[in-house]
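# An overview of the molecular structure
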Amino acid sequence: MTIRFAASASLATALALGCPPAGSAAAAADQPPAAVPPAALPAAAASSAPVPAAAVAAVGREDMETGIDPCVDFYRYACGGWMAHHPVPPDQRAWSRFGALTDANRGKLRDILAVDAADAKAAERAHPDADQQKLGDFYSTCMDEAGVGKRGVAALQPDLERIAALRSAAELPALLARLHRAGVSALFRFSAAQDAKDATAVIATVDAGGLALPDRDYYLKTDAKSAAQARAAADAAAVLDVETTLAKASLDRASRRDPLAVYHKLGRAELAALTPSFGWDGYLAALESPPVSSLNVAEPDFLKAVDGLLRSTGLANLQTYLRWQLLHAAAPWLPSAFVNESFAFFDKTLGGAQELKPRWKRCVEATDGALGEALGREYVARWFDPEAKRRTLALVGEVEKAMGRDIADLDWMGGETKRRAEEKLAAIANKIGYPEAWRDYSRLAVVRGDLLGNVERGEAFELARRLAKIGKPVERQEWLMTPPTVNAYYNSSMNDINIPAGILQPPFYDPARDDASNYGAIGAVIGHEMTHGFDDRGSQFDGHGNLADWWTPADEAEFKRRTACIADEYSAFPAGGDLHVNGRLTLGENTADNGGLRVAYQAYEASRTGKPRQALDGFTPEQRFFLGFAQIWCSNTTLEAERQNVRTNPHSPGRYRVDGTVVNMPEFQQAFQCKAGSPMAPEKRCRAW
Ligand SMILES: [Zn+2]
C-alpha cells in the first residue's frame, strides 16, 4: 500500500521514479531474451572483427527529429520522432522508454503468473513449489474481480469496528500499530534502517507520514490549482485539518535531502519526552517490534506536532482521519466503486491518467509488491541472460576506472580529499541483476479469495522483516528493488550500486548494438549511480557508509560552489506550466547525470584506443554515444503529472536530463560541431565531477 521503495530506502537514490501509484514497489520490465550477443559491450570484448553495419542498429533514427538543429535542442533532435509517435497511453500519467520497458516486463510477469485460477490441478502443475503456489494464489485472487465484488468491504469491517471502538487517546497506540502493520501509514511511519553514523548497525526509525496527498505542498501552497486539489481530496474537513497540521510540521523534500536534517538519534526516554501523549510501549508491543533502546527520529518537530494533535484534536476527528487513511490504503483492493473513486482523484485529477490500468497490470504490480523476489527469481530464470551480467560487470569496471582517472585529474581538488574520494570509489560494491540469496517467504501466508488480506499480510510481512534486522549485522546482499525493475540505485549507507536485471535490455543495453550507444545508455546509467556516491548528499558519507566529513574545508567550499552552479542551472528550467524545476530538490540527480555521462564518455574513449573511427548510420562514434544517452530519456508527460513531479520527484524531466547535461560537456559541442554560444554550447558551464 505504501510505495515500498520510497518508504524504505531513505538513503538510496534511484535512477528514475516510475511513478507507480500506491500499491507496489516500482514494477519492472524486460525485453525478449535478446537472442544472444555477438557484439561486445565492454572494451575487452569490443575486440577484433569490425561489426558488420547491417547487424547494427546503432541509432534509432525513427525516434529522432532530424529537422531540428542538435545544437539548439538536442533532446528534441534525439527524441522528437519518438515523442510524436508515442503519446501518453490513456492508462498512464507519462510515457517514456522506461515506461515502455516496464510495461513489456509486466507482460512477461503476467506470463509467469497467469494460470487458470479455476483449475487447481493446473495451478499445482504450474507451481510446484511453495513460493510459486503463493504467486499463483496471490495473482489469481487479485484477478478475480467478481469475487472481490462479492466480498464487498467485509475484509475491512474488523478494522473499521476497531476504529469506531476507540474510546481514548490512550488506546490509540495499539490500534495505530495494527494499522501500520497493514500498510496504512497514518500519522507517522515506523521502520528500521542503517544508522547513518554507524553503517554497521540497524536501528529503528520513525519518520514523517500520514498524508494522503503526494506532498506537503498540496496542503500548504495557496495557488489556485493546489488549493482546489486539496479541497477535493479531503471530503471531510476533519481529515483536511489533521493532514494539514501534519503537512505544516513536515520538512519539505529538498530540506530532507540533507542527511543531518533527518538524523536525530534519541533514547527511549527522550522519545517519551518528545511525545508525552503517545504510549510507545503499547505501540511497540502491538507492532511486535524487537526491543528498541534508541532510534532515529528523522523529524522531531513532526513528532511534536503529532503529539500536539493528539492533545488538541477530538477523538471523533481522529477516528474520521484513521477511517479515511484505512479506506485510502485499501481502496485499490476493494470492489470497483472504491477503485474507481480512488483512481478518479489520485491518478486522473492529480496525475492526468485518463483510464484505469487494466486489472492484470495492477495485479502484476501488487504481486511484485508482496512477493517481488519470488516473482523476480522466475523472471531471472526465464528472461535474464547471464552474459548480460558478465558484460555489465566488465563495463562497471571500466566506468570505475574512468571515474578514478577523473578524480585524479580534477584541478580543483587537493591531494588529501582526492585520496579519500579514491578510497570511497574503490570500496563501492557492485550488484548486478539479482540478489545472491533470495528472500524467504515461508512466513507469508497467502489465502485464496482474500485479496485485501493478502495485501495486508504482505505489508505486515515486510515490516516484520525489516524490524527483525534491528540489532543484527547488516545484510549487504539485500536489494531494495526487485529484479525485473527498470531502474537502478545507489545506497549511501551500503556504498553500493544496484543494477537490476530489468534494465539490462534495449534501449539501455543491447548486445547486438554498437558499443557507442551502449556506453551512452547503460554506461551513463552506471556512471550516474557511481556519481551518486559523490553528489551533494552522497559526498557526505564515507566509503564505509558512515555520515562523516572527509573533505578539507577548502575543497568542500569549492565543491559547494560547483554544485550551486548546477542547482542554479536547473532551477531556471520551466516545467509543468507555470512552475520551474526545483534545482535543490533535483541537485543530487542532476549532479549524477552530469558526472555519469562524463565518466561513461571517458570510458568509451578509453575503449576505443587504437581502433578505427567508423561512421555508422551517418553518425560518428561520439555522436552515437550522445544519441544513445539522449534516447533513453525520450518521454511524454501529462501536465498534471509534470506538476506533481516538479514538486515531488528528485529527478528532472527527461528533456532536461538530456539538454541540461550535454550543455556542460565541451565534448558534446565538439561531437556535433556546435558554434560557441549556441544553446547547447553556452559559454558558462557547470562541472562538479
Ligand atoms: Zn539517481
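About the criteria used
Residues numbered from 1 in each chain as written. Predicted model: local features only at pLDDT ≥ 70, side-chain atom pairs only at ≥ 80, totals over all residues. Heavy atoms only, no water. Disulfide = S-S within 2.5 Å. Helix = DSSP H or I, 4+ residues; strand = E, 2+ residues; numbered from the N terminus. Buried < 20%, exposed > 50% of the residue type's maximum accessible area, 1.4 Å probe, protein only. Pairing = 2+ DSSP bridges. Axes fitted to C-alpha atoms, helices over the stretch in contact; angles between N-to-C directions. Contact = heavy atoms within 4.5 Å. Donors = N, O, S within 2.8 Å, 3.2 Å for Na, K, Ca; no water. Tetrahedral: all angles 85-135°; square planar, octahedral: opposite > 155°, others 65-115°.

### Some remarks on the state of the cysteines
Enumeration according to the criterion identifies four disulfides in this entry. Between the sulfur atoms of C79 and its disulfide mate C634 the distance is 2.1 Å. Residues C79 and C634 share a disulfide whose torsion about the S-S bond is about -80°; that sign makes it left-handed. Highlighted residues: C79 in helix α2 (residues 74-85) and C634 in the loop between α25 (621-631) and β12 (635-637), separated in sequence by 555 residues. By relative accessible area, which is 0% here, C79 ends up buried. Residue C634 is classed as buried on the basis of its relative accessible area, which comes to 0%. Between C565 and C686 runs a disulfide, and the two sulfur atoms are separated by 2.0 Å.

### A look at the sheet that holds strand β7 (residues 429-433)
Spatially, four strands are ordered β1-β8-β9-β7 in an open sheet, and the strand pairing comes out mixed. In this open sheet, the two edge strands, each paired with only one partner strand, are β1 (12-14) and β7. Going from strand to strand, the sheet's axes swing by 15° on average, the running direction of each strand aside. Direction of pairing for strand β8 (residues 489-491) relative to strand β9 (residues 496-500): antiparallel, over a ladder of three bridges. Each residue of the ladder has a partner; that of N491, found in β9, is D496. Strands β1, β8 and β9 of the sheet are contacted by helix α22 (residues 515-532), whose axis makes an angle of about 150° with β9.

### Let's talk about the pairing of strand β6 (residues 294-297)
Two faces belong to every sheet, and in a regular strand the side chains alternate between them. For strand β4 (residues 198-208) and β6, the ladder comprises three bridges, and the chain directions are parallel. The partner of A204 across the bridge, within β6, is L295. Of the strand pairs in this sheet, strand β5 (residues 265-267) and β6 are connected by three bridges, and their pairing is antiparallel. By the bridge assignment for β6, L266 is matched with L295.

### Overview of the coordination of the zinc ion
Around a metal, the perfect tetrahedron of four donors has angles of 109.5 degrees, and the perfect octahedron of six donors has angles of 90 or 180 degrees. Taken together, A14 (O), H528 (NE2), H532 (NE2) and E589 (OE) make up the full set of protein donors to the zinc ion, lying 2.0 to 2.6 Å away. With four donor atoms in place around the zinc ion and angles of 92 to 132° between them, the coordination shape is tetrahedral. By relative accessible area, A14 is classed as buried at 4%.

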